[in-house]
Amino acid sequence: MAGLAKTFGSGAMTNTLEDIAESKCIFAIGTNTTQTHPVTGTRIRRAVMNGARLIVANPLEIPMAKYASLFLQLRPGTDLALIMSMARVIVDEGLADMTYVKARCENFAAFAESLKAYDLDFVSETTGVSQEKIRDAARMYAETDPAAIIYSMGITQHSHGTDNVLALGNLALLTGNVGIRGGGVNPLRGQNNVQGACDMGALPNVYSGYQPVTDQQVKEKFEQVWGVSGLSTEVGLTLPQMLQKIDAGKIKALYLIGENPALSEPNIKHVTETLKKLELFVAQDIFQNESTVSAHFILPAQAAMEKEGTFTSTERRVQLLNRVVEPPGEARPDWWITAEIAKRMGAKGFNYSASADVLKEINAVTPSYAGITPKRLKSGDAPHWPCPSEDHPGTPILHTRTFTRGKGFFAPISYKGPAELPDEAFPFVLTTDRSLFQFHTATMSGRSAALNEMWGRQRVRISPATAKELGVADGDMVKVSSRRGEAQARAMVTPKVVDKIVVMDFHFAEANANLLTNPACDPMSGIPEFKVCAVRVQKV
Amino acid sequence: MKDISLTINGCDVKVRQGATVLDAAKAAGVFIPTLCHHPDLKPAGQCRLCVVEIEGSRGLPESCATPAEDGMRVMTDTPRVKEFRQQALGIILDNHAGKCIECPANLDCELQTLAAEIMPIETKQLAETDNPFFRRDYLRCVQCGRCVRMCHEIRGAGAVIFREVDGEPRVGTAFNLPLPETGCQFCGACVDVCPTGALTFIQPIPKGAQEIASICPYCGVGCRLIFSVVDGRIKAARPDPAGPANLGQACVKGRFGIGEYTHSPDRLVAPLIAKDGVFTPISWDEALNRVAEGFRKYQPDEVAVIASAKMTNEDNFVAQKFARAALKTNSIDHCARL
């Protein structure tokens, strides 16, 4: 998200899901949409049925490749080279929308200069994609209007993920595809309310609505509304930084709500040891998990279907949750538990009697959510933010006239590959994937007998040639090791994987890919490089 | 005259003297199937479909002919009752013409309605059970092609197709492969559009259930689903055609993956404290006081909060306010990066 905030001034999908159907060309890179966002996959399908061209770039032969006009099967971690070389082809062949570039963007000259490093010989060699295909993709994207970019974690989960996003922003600016129907740059968010958690300021640098904590006026506004003094203007720690500081004994108390870092972060063996160092560890969740077992207190929360409140979807749409069933035992809403702790610490301003009271406060302090009131949502409306007043229709497409930051920013980018490349000791590249039948660490989906029947265990996916090289047959037990740890699981030999690549998921505690992954982080977004690390594979 | 108090399935109900157990059930809003009973006629006890279990009484008395008594505890839907009713109805159906479609009372027949209510779903003709989500019974297929077109036009999976069998187009899979090998995403859209019983869910959407719409808790698409709730439990979920993000579509996780985790016996149901490596339940009051007291001891740079992308906006707002206003730190984050 940091990347889009830099280029356009707002780190969210520029367009809506509905909008995808109006696109004439869809460039889907680093997203296995039909598996991870299946219903959005249907939107892409609809567009293709209506004649849109689809360009798929992915290291794996994902199901969408079947109906793509162009499928670019690139090496893991080389997306940046591919995207920048497409930009170079567009500039070199005079396909850029220079009217748009001149009127609405800045820093083009410096960006154009940085493209010189991406000649097709180098890029084709690096990515494993033919020069012809790169040229075709660039032309198709530039010459078909409107063209949309869709991406997901395959772009961001790299040590240079922000650069990848900046590069996609460049591509869209270059072709005048931002601020129009059927165009845009659209990151598909993984979790149901990851957009909302960011919007609400569950981030170390901003209050709700991306109001910076470092801004003195913002600080004073919140001090006044909340009736407190001494709010910090110092940016706080990101999750990976928190873990480092806990490890170093600097952070001594942690309030962990609804997350499981001991399974979802890279190098999980170390995370588990780290959490044990805390003096006070309060966990709040609907289940015990690999992290909560180290807690001193565990507070039982209500599950989504037992709650009232709102979720903000990947397309910035705010929707009302209804209580479907009553909670079990003494489980309570998360906001209630947190507010009760605050009150008992003597803090002011936590007297809410319902989740709608909290939303009213959100409306009052968050300009982009000001018009998304409980009353409006109750009437059946589900607007896209920014929605500054109750009579504002919401904003399906961002940056239509100007960018949130004023002008669209062209970012010059020098090439960076993955932080860890294969070598003699660890000759294969491990990349992570997700199953259609499981979600994240499978806390929810893993309790469904039917879903587990379809995908209930780790499988180490390798190509037939790699299997032959290793002397491994389908179903054999293999040991995968990296510089951080090892995991054992059965091999699955499939032609959908490129040679020398190993694919695993992080759904299950058993043989979790994150025993192996590299905690090297993107310096701007703090996202770890889940998508590439070097491993060794041996038959057991 | 004094009213009689009794319970039907655990719910209290009051009726006048002279009322039957069947009357009491009606008063409590509990459905008991009847066939020979008619309100204008005296009870006959002929069909035996209205049997119930009454605590302390042997056998299964007919509710139409049993007077309600004070303190009676009646159960209308125990496994024993259900099995008996199925047997009784089975005998009736064995002696019945059966061909509903040719009958003048078709679709306006009490027996037909009761059979749908009481009898287990007939699965004898099943052709394919190659997945845990739905059945394909092509003997009931009318080759309308709705499922084929849905799978191709809307979902893009192309898992169900028209194939040629003896020169005739027949719905099926390529090379008659099992569904899991066809690229099927098990989204259930084909089942939704099937006009007959050719495609059915293994866990059927219960009739007469309470229906409540809410938002799917899995990915960021924000599909609105309609949940069927029976006895306070989610029995099925289906996509809401009016859901603005999903337009009547859902995925396998939203449709089949929500009820089991929500109602899992592993759910945390009381605050716990770790004592010598063992988690022991404590009261909310004690837990909250001790946690609050604990956090008070630390400086702003010694504490951190991790919130969750699974929680609501309101939950996250309060979490960041807690970090900033109560703990005086900006060290709050969540798994946006994963």
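Residues numbered from 1 in each chain as written. Chains lettered and ligands numbered in written order. Predicted model: local features only at pLDDT ≥ 70, side-chain atom pairs only at ≥ 80, totals over all residues. Heavy atoms only, no water.

Section: the overall build of chain A
For the record, the criterion: Numbering of helices and strands runs from the N terminus, with a helix taken as a DSSP run of H or I at least four residues long and a strand as a DSSP run of E at least two residues long. The reference for a compact globule is 2.2 Å times residues^0.38; the radius of gyration itself is calculated from the C-alpha atoms. Burial classes follow relative accessibility: with a 1.4 Å probe on protein chains only, a residue under 20% of its type's maximum area counts as buried, one over 50% as exposed, and anything between as partly exposed. Any two residues whose heavy atoms approach within 4.5 Å are treated as being in contact. Methods summary: accessible areas were calculated by the Shrake-Rupley approach with a probe of 1.4 Å, and residue burial reflects only the protein chains presented. When charges are counted, Lys and Arg are positive and Asp and Glu negative, with His and the chain ends excluded. Where a charge sits is defined by one atom per residue type, namely NZ (Lys), CZ (Arg), CG (Asp) or CD (Glu).
A tally of regular secondary structure across chain A gives 21 helices and 22 strands. What you see for chain A is a C-alpha radius of gyration of 24 Å, in line with the 24 Å of a compact globule of 540 residues. Considered along the principal axes of its C-alpha atoms, chain A spans approximately 65 × 60 × 40 Å. For chain A, the residues scored as buried account for 64% of the 540 residues in total. Across chain A, contacts joining residues at least 24 apart in sequence account for 70% of those joining residues at least 6 apart. For chain A, the exposed area adds up to about 18400 Å²; of that, 50% sits on carbon and sulfur atoms. Charged side chains in chain A number 56 positive and 56 negative. The centres of these two groups are separated by 1 Å.

Structural notes on the pattern of salt bridges
All names here are of chain A. Rules: Here a salt bridge means any side-chain nitrogen of Lys or Arg lying within 4 Å of a carboxyl oxygen belonging to Asp or Glu.
One pass over the full model with this rule turns up 39 salt bridges over all chains. The residue glutamate 420 makes a salt bridge to arginine 483 at a minimum N-O spacing of 3.3 Å. Highlighted residues: glutamate 420 in the loop between β14 (408-409) and β15 (428-432) and arginine 483 in the loop between β17 (477-481) and β18 (486-493), separated in sequence by 63 residues. Classification of glutamate 420 by relative accessible area gives buried; the value is 9%. Under the relative-accessibility criterion, arginine 483 is labelled partly exposed at 44%.

Re the sheet that holds strand β14 (residues 303-306) of chain B
Spelled out, the test is: Strand pairing is assigned whenever DSSP detects at least two bridges linking the two strands. Axes, fitted as lines to C-alpha atoms, cover a helix only where it is in contact. Angles between the N-to-C directions of the axes lie from 0 to 180 degrees.
Taken in spatial order, the 7 strands of this open sheet run β13(B)-β12(B)-β11(A)-β10(A)-β9(A)-β14(B)-β15(B), and their pairing is mixed. Two strands lie at the open edges of the sheet, namely β13 (278-281) and β15 (332-333) of chain B, each paired on one side alone. Pairing analysis gives 2 bridges linking strand β11 (residues 297-300) of chain A to strand β12 (residues 272-275) of chain B, with the strands arranged antiparallel. Paired with A:Ile298 across the bridge in β12(B) is B:Leu272. Relative to strand β9 (residues 253-257) of chain A, helix α17 (residues 334-344) of chain A is tilted by about 160°, and along the sheet it contacts β9, β10 (280-285) and β11 of chain A.

A few points about the sheet that holds strand β1 (residues 4-8) of chain B
In spatial order, the strands read β2-β1-β4-β3 (chain B); together these 4 strands make up an open sheet with mixed pairing. The outermost strands of the open sheet, each flanked by one partner alone, are β2 (11-15) and β3 (53-54) of chain B.

Digging into the side chain of A:His37
Its location among the elements puts A:His37 in the loop between α3 (33-36) and α4 (38-49). Excluding anything up to four places from it in sequence, A:His37 contacts A:Ser152, A:Leu188, A:Arg189, A:Gly190, B:Cys219, B:Gly220 and B:Val221.

What to know about the interface of chain A and chain B
Quite often, the size of an interface is put as the accessible area lost when its parts meet. Put simply, the rule is: Note: buried area is the sum, over both parts, of the accessible area (probe 1.4 Å) each one loses when the two are combined.
Opposite the 151 residues of chain A that make contact, chain B presents 104 residues. Counting the surface lost from both chain A and chain B, the interface buries some 11100 Å², and carbon and sulfur atoms represent 65% of this. Contact with chain B buries surface across chain A, with A:Arg344, A:Met345 and A:Met444 losing the most and accounting together for 7% of the total. In this assembly, chain A and chain B are joined by 6 salt bridges.

Some points on the pairing of strand β7 (residues 168-172) of chain B
Taken residue by residue, a regular strand's side chains alternate between the two faces of the sheet. Residue and element names in this part refer to chain B. Note: strand β6 (residues 161-165) against β7, 5 bridges, orientation antiparallel. Across the sheet, the residue bridging to phenylalanine 162 is valine 171, located in β7. Counted along the chain from β6 to the antiparallel partner β7, the turn is 2 residues long, and its residue aspartate 166 has a positive phi close to 50°.

Observations concerning the packing of helix α18 (residues 355-365) of chain A against helix α9 (residues 313-326) of chain B
So the rule is basically this: Our angle categories are set so that under 35 degrees counts as roughly parallel, over 145 as roughly antiparallel, 65 to 115 as roughly perpendicular, and the remainder as oblique. Each helix crossing is assigned a hand: it is left-handed if the near helix lies turned anticlockwise from the far helix by less than a right angle, otherwise right-handed if that turn is clockwise.
Two elements in contact, α18(A) and α9(B), have axes whose closest approach is 9 Å; the angle formed by their N-to-C orientations is 70°. Our classification of the angle between α18(A) and α9(B) gives roughly perpendicular. Our pair here, α18(A) against α9(B), has a crossing hand that is left-handed. Taken together, the residues of α9(B) that come into contact with α18(A) (itself represented by A:Ser355, A:Val358, A:Leu359, A:Glu361, A:Ile362 and A:Val365) are B:Asn313, B:Glu314, B:Phe317, B:Val318 and B:Lys321.

Comments concerning the packing of aromatic side chains
Filter applied, for reference: Each pair of aromatic rings taken from Phe, Tyr and Trp, with Trp reduced to its six-membered ring, is defined by centres within 6.5 Å and is described as stacked if the planes are under 30 degrees apart, edge-to-face if over 60, and tilted in the remaining cases.
Within this structure, the stated rule accounts for 23 aromatic pairs over all chains. Taking the centre distance of 5.5 Å and the plane angle of 20° together, the rings of A:Phe8 and A:Phe403 count as stacked. Here A:Phe403 lies in the loop between α19 (374-378) and β14 and A:Phe8 lies in the loop between α1 (2-7) and α2 (17-20), a separation of 395 residues in the sequence. Judged by its relative accessible area of 0%, A:Phe8 falls in the buried class. A residue is classified by how much of its surface remains accessible, and A:Phe403, at 2% relative accessible area, is buried. With centroids separated by 6.2 Å and ring planes inclined at 40°, the aromatic side chains of A:Tyr210 and A:Trp385 adopt a geometry described as tilted. Residue A:Tyr210 is located in the loop between β7 (206-207) and β8 (211-212), and its partner A:Trp385 is located in the loop between α19 and β14; the two are separated by 175 residues in the primary sequence. Members of the aromatic cluster, connected to one another through ring pairs, are A:Phe437, B:Phe133, B:Phe134, B:Phe186, B:Phe201 and B:Phe256.

Topic: helix α9 (residues 131-143) of chain A
What counts is decided by this rule: Helix span, as expected, comes to 1.5 Å for every residue beyond the first.
In this model, α9(A) (13 residues) spans 18 Å end to end at C-alpha, consistent with the 18 Å of a helix rising 1.5 Å per residue. Inspection of α9(A) places A:Ile134, A:Ala137, A:Ala138, A:Met140, A:Tyr141 and A:Ala142 among the buried residues, and these make up the whole buried set.

Description of the domain arrangement of chain A
All names here are of chain A. Selection rule: Segment limits for the domains were obtained from an automatic or database-derived domain assignment.
Under the domain assignment used here, chain A contains domain 1 (2-188), domain 2 (194-378) and domain 3 (428-539). For domain 1 and domain 3, the distance between their C-alpha centres works out to 26 Å. Across the contact, 23 residues belong to domain 1 and 23 residues belong to domain 3. Counting each side, the surface lost to burial between domain 1 and domain 3 is near 1800 Å², with a carbon and sulfur contribution of 61%. Our count for the contact surface shared by domain 1 and domain 3 stands at 0 salt bridges.

Overview of the pairing of β12(B)
Two strands pair when backbone bridges link them, and β12(B) and β13(B) are joined in this way by 4 bridges, in the antiparallel orientation. Along β13(B), the bridge assignment pairs B:Ile273 with B:Thr280.

Regarding the nonpolar core
Where we set the bar: Remark: nonpolar core denotes a set of buried residues (Ala, Val, Leu, Ile, Met, Phe, Trp, Tyr, Cys) joined through side-chain atoms within 4.5 Å.
If you look at the biggest cluster of nonpolar residues, it comprises 59 residues, and the most contacted ones within it are A:Tyr255, A:Ile341, B:Phe295 and B:Phe322. Examining the composition of this core, we find that 7 residues originate from one element, α9(B), more than from any other. In this view, B:Phe295 contacts A:Ala253, A:Leu254, A:Tyr255, A:Leu280, A:Val282, A:Ile341, A:Met345, B:Val303, B:Phe322 and B:Leu327; residues no more than four positions away in its chain are not counted. Ranked by size, the runner-up nonpolar core spans 55 residues in total, among them A:Leu80, A:Ile90, A:Val123 and A:Val185.

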